[in-house]
Amino acid sequence: MTMSAILIEPFVHYGFMRRALVSSVALGLGFGPLGVLLMLRRMSMIGDAISHAVLPGAAIAFLVVGSISMFAMWLGSLIASLIVAFFAGIVSQTTILKEDASFASFYLMSLALGVLILSLNGSNIELLHVLFGTILAVNTQDIFLVGGIASFTLITLALIYRPLVVQCYDPSFLRSVGERGSIYHLLFLFLVVINLVAGFQALGSLMAVGMMILPAVIAKLWARTLPAMTLIAAVSAVTSGFFGLLASYHLGFASGPSIIISASLIYILSLIFAPYGARTSIYNRSL
Amino acid sequence: MDSHTLGSFFAVTHSGICFQNVSVYYNRQRVIDDLSGIFKFGTMTAITGPNGAGKSTLIKTIMGELLPNTGKIDRGGISISALGYLPQSLTIDRSFPVSVIDTVILGAWQRIGPFGGVTSKMEYEAADALSAVGLNGFDRRSICTLSAGQFQRVLFARLLLQDPKVILLDEPFNLIDTRTTGDLLHIITRWRDERRTIIIILHNFEQIRAHFPNTLLLARKPIAWGPTDNTLSSANLLTAQSIADSWFKEPELY
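The structure presented is a predicted model; accordingly, all values stated were derived computationally and were not measured.

Enquirer: Give a detailed account of the sheet that holds strand β8 (residues 214-219) of chain B, specifying residues and quantitative values.
Expert: Residue and element names in this part refer to chain B. Sheet architecture is open: 6 strands sit in the order β5-β6-β7-β3-β8-β9, paired in mixed fashion. Single-partner strands in this sheet number two, and they are β5 (83-86) and β9 (221-227). Ignoring strand direction, the axes of neighbouring strands in this sheet form an average angle of 15°. Sheet topology places β5 next to strand β6 (residues 166-170); 4 bridges connect them, and they run parallel. The residue bridging G84 from the neighbouring strand is I167, located in β6. Across the sheet, helix α7 (residues 178-193) lies against β3 (44-48), β6 and β7 (197-201), angled at about 150° from β7, the strand it touches most.

Take a look at the structure:
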């Protein structure tokens, strides 16, 4: 097989591969910057909690509608994730529980509930689809939804970039100039929710948050400024999407894990070769 | 409390930041106990006292981050957002990937707000502020590459850009070397000459005596507030210390 047969032809020949590619490019563009901000805000755990909340939401929708209806499952998971994000926010701001502990409890709860509901009423195939994604079943409607969410995310982020960044690294300054940081925090959480919901069809509820966190961690190994990190995160997310889809096509793997494995490979390579990776730190330490 | 301060408090209402019988609770504990007095506009006041005496709480109360449970604060017609505030640097994430110049330009927040554009004039101002704090050419450096002293200089540059009438500094020289401290004290002196009001939390009595004419000695309740030499008398310091000792001896009461 030639290079082009491996890398390009699947997308030329098959409409479902093209749609999958468009979908993962759109997802990657939004996930990259969101993941970087999530990591910098030390909120990776919140991402986890929200992403797992997708499962019971989608499961209940499936239970009500009785078939795999993407729209119903999206709606269900959107509602469930918003609820979890809301409660997680309240718990972290009103109790002394450290965020990681309270969010770990939230996502374990969601995961257990979701698996229970789906395994009672659906087949194992459906459970697997929700958990690990079925990007190869993306239709035109889904693309519009994912593309719309990605566009909305990028525009909103561009608009609230300054207060969001300041709220993240010097919240007391933002308060001292009379801004209400919590509005931007909530907007940001909302963006995380709708993106994870948008990502669950392609990546699955277990894997979606990986496409947010891994590219962010990769970016941190390569760059020291926020714009550069954002760019690198988006590029690595899109790249993992591309190669993940190819692996999924050629080797018959589920799309979600393939995409996340691709991101993991980029992460491992970055650990070895990136300027702020393990090699550099070990080298510096031995000096 | 000397009667002179109280007298002027009632005579002139808009000449400074006035406290009238202010008590503040924090975690159900009274951290500021019945404070009355005035930080007059155009003066420099040091706040000192043992750890846990309510110094930072007092500054946060002036900033409106905490509300007095009893009593009243009159900021003399100055809005909270026009106050310049430098918290203890511990609260800032110094590993955050943002450049020095971007941090300084935030000082123009009152002019640009969350969405407005930064003009080239502001960039010049920021560059000027950076050279004023001795960080010429640091514009593009990432703040995570700075030492604690350099970072404090950056925050002072941001204050310069904010151009506030009242400046609140919470232990600004903590963990800062002598040379940087000297430079920053020089900037504070310049602010005094520009008739700005300065309220600063300090532990170093030498620095207070050398640079700050007024001092408030706090041990949850005000021990003394007035000219530095009177406030920092050995009798007053002893009183503050014995009150602080009692917090440790009888933790369930305080």
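Enquirer: If you had to explain the interface of chain B and chain A to someone new, which residues and values would you point to?
Expert: Across the contact, 31 residues belong to chain B and 25 residues belong to chain A. Buried surface at the junction of chain B and chain A, summed over both partners, amounts to about 2200 Å²; 61% is from carbon and sulfur atoms. Taken as a group, F96, P97 and W109 of chain B account for 31% of the area that chain B buries against chain A, more than any other trio of residues on that side. At the boundary of chain B with chain A, the tally comes to 2 salt bridges. Among the ionic pairs, D170 of chain A bridges to R158 of chain B, the shortest N-O distance being 2.9 Å. Connecting chain B to chain A are 7 residue pairs in polar contact (both at pLDDT 80 or more). At the level of elements, β5, α4 (109-112) and α6 (148-162) of chain B are the ones that each hand at least two residues to the side of chain B that touches chain A. Ranked by residues supplied to the side of chain B that touches chain A, first place goes to α4 of chain B with 3 residues. Taken together, the residues of the side of chain B that touches chain A sort by class into 17 nonpolar, 11 polar and 3 charged.

Enquirer: Pulling in residues and values, what's your account of the domain arrangement of chain B?
Expert: Residues and elements named next belong to chain B. Taken domain by domain, chain B consists of domain 1 (1-78 + 165-176 + 194-254) and domain 2 (92-164). A C-alpha centroid distance of 29 Å is found between domain 1 and domain 2. Counting residues at the interface gives 8 residues for domain 1, matched by 7 residues for domain 2. Applying the counting rule to domain 1 against domain 2 returns 1 salt bridge. The closest approach of N and O atoms between R196 and D163, which form a salt bridge, is 2.8 Å. The interface formed by domain 1 and domain 2 holds 3 residue pairs in polar contact (both at pLDDT 80 or more) in total. Of the residues contributing to the side of domain 1 that touches domain 2, the split by class is 6 nonpolar, no polar and 2 charged.

Enquirer: Lay out the packing of aromatic side chains in plain terms, naming residues and giving numbers.
Expert: The final tally for this structure, using the stated rule, is 10 aromatic pairs over all chains. Arranged with centres 5.5 Å apart and planes meeting at 75°, the rings of F86 of chain A and F87 of chain A form a pair that is edge-to-face. Residue classification places F86 of chain A among the exposed residues on the basis of a relative accessible area of 52%. Its relative accessible area of 42% is what places F87 of chain A among the partly exposed residues. Ring centres 6.0 Å apart and planes at 75° place the aromatic pair F19 of chain B and F39 of chain B in the edge-to-face group.

Conventions and cut-offs
Residues numbered from 1 in each chain as written. Chains lettered and ligands numbered in written order. Predicted model: local features only at pLDDT ≥ 70, side-chain atom pairs only at ≥ 80, totals over all residues. Heavy atoms only, no water. Pairing = 2+ DSSP bridges. Helix = DSSP H or I, 4+ residues; strand = E, 2+ residues; numbered from the N terminus. Axes fitted to C-alpha atoms, helices over the stretch in contact; angles between N-to-C directions. Contact = heavy atoms within 4.5 Å. Buried area = accessible area lost by both parts, 1.4 Å probe. Salt bridge = Lys/Arg side-chain N within 4 Å of Asp/Glu carboxyl O. Polar contact = N/O pair within 3.5 Å; in protein donor to acceptor, adjacent residues only side chain to side chain. Nonpolar A, V, L, I, M, F, W, Y, C, P; charged D, E, K, R; others polar. Domains from an automatic or database assignment. Phe/Tyr/Trp six-rings, centres within 6.5 Å; stacked < 30°, edge-to-face > 60°. Buried < 20%, exposed > 50% of the residue type's maximum accessible area, 1.4 Å probe, protein only.

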